[in-house]
Amino acid sequence: MEILLSKEQKAEVIDEIQRFFLEERGEEIGELAAETVFYFIKENVGAYFYNKGIEDSKTVVEQKIFSVEEDLEALKRIKR
């Protein structure tokens, strides 16, 4: 599954990469170099972050389901 970004999002990421290189390394890189870094990260590292997001989302959903089950159990009426 390919993760697609809008043109605006991609431009923001490229700007952030350029800013990182300038602030952290004192290197001014052009848009093409920043785009190359972007594609490297996207193709080689991005899946790790994506998968971690999926795992975190799954955990949250499981917690919500458990909470709903508890709430439903609390609604049961006791037969006297």
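Structure: above.
The rules behind the values
- Residues numbered from 1 in each chain as written.
- Predicted model: local features only at pLDDT ≥ 70, side-chain atom pairs only at ≥ 80, totals over all residues.
- Heavy atoms only, no water.
- Patch = residues over 30% accessible without salt bridge, like charges linked within 9 Å, V, L, I, M, F, W, Y side chains within 5 Å.
- Areas by Shrake-Rupley, 256 points an atom, 1.4 Å probe, with all protein chains shown as cover.
- Salt bridge = Lys/Arg side-chain N within 4 Å of Asp/Glu carboxyl O.
- Helix = DSSP H or I, 4+ residues; strand = E, 2+ residues; numbered from the N terminus.
- Phe/Tyr/Trp six-rings, centres within 6.5 Å; stacked < 30°, edge-to-face > 60°.
- Buried < 20%, exposed > 50% of the residue type's maximum accessible area, 1.4 Å probe, protein only.
- Lys, Arg positive; Asp, Glu negative; His and termini not counted.
- Charge placed at Lys NZ, Arg CZ, Asp CG, Glu CD.
- 1 Å grid on protein atoms, 1.4 Å probe; cavity = no way out; pocket = protein on both sides within 12 Å on 5 of 7 lines; lining within 4 Å.
- Points joined across faces, edges and corners; volume = space filled by probe spheres on them.
- Axes fitted to C-alpha atoms, helices over the stretch in contact; angles between N-to-C directions.
- Parallel < 35°, antiparallel > 145°, perpendicular 65-115°, else oblique.
- Contact = heavy atoms within 4.5 Å.
- Nonpolar A, V, L, I, M, F, W, Y, C, P; charged D, E, K, R; others polar.

A. Layout of a nonpolar patch on the surface. Residues Ile3, Leu5, Tyr50 and Ile54 make up a contiguous nonpolar surface patch of about 330 Å² in total accessible area. Position of Ile54 relative to the elements: it lies in helix α3 (residues 46–75).

B. Examining the packing of aromatic side chains more closely. In the structure shown here, the tally under the stated rule is two aromatic pairs. Centre to centre, the rings of Phe20 and Phe21 are 5.8 Å apart; their planes meet at 90°, and the pair counts as edge-to-face. For Phe20, a relative accessible area of 44% corresponds to the partly exposed category. Its relative accessible area of 16% is what places Phe21 among the buried residues. Note on Phe38 and Tyr39: the rings are 5.1 Å apart at their centroids and 65° apart in plane angle, and the pair reads as edge-to-face. Classification of Phe38 by relative accessible area gives buried; the value is 9%.

C. View of a negative patch on the surface. Taken together, the side chains of Glu8, Glu12, Asp15 and Glu31 present a region of like negative charge at the surface. On the secondary structure map, Glu8 appears in helix α1 (residues 7–25). Residue classification places Glu8 among the exposed residues on the basis of a relative accessible area of 56%.

D. Highlighting the layout of surface pockets. Approximately 320 Å³ is the volume attributed to the largest pocket. Taken together, 14 residues form the lining of the largest pocket, with Ile3, Ile41, Lys42, Gly46 and Ala47 sitting closest to its centre. For the lining of the largest pocket, the elements supplying multiple residues, two or more each, are α1, α2 (31–44) and α3.

E. Spotlight on the packing of α2 against α3. Relative orientation of the contacting elements α2 and α3 amounts to 50°, with a least axis distance of 4 Å. In terms of their interaxial angle, α2 and α3 are classed as oblique. Mapping the contact onto sequence places Ile41, Lys42 and Asn44 in α2 and Gly46, Ala47 and Tyr48 in α3. For the contact of α2 with α3, a count of residues per class yields three nonpolar, two polar and one charged.

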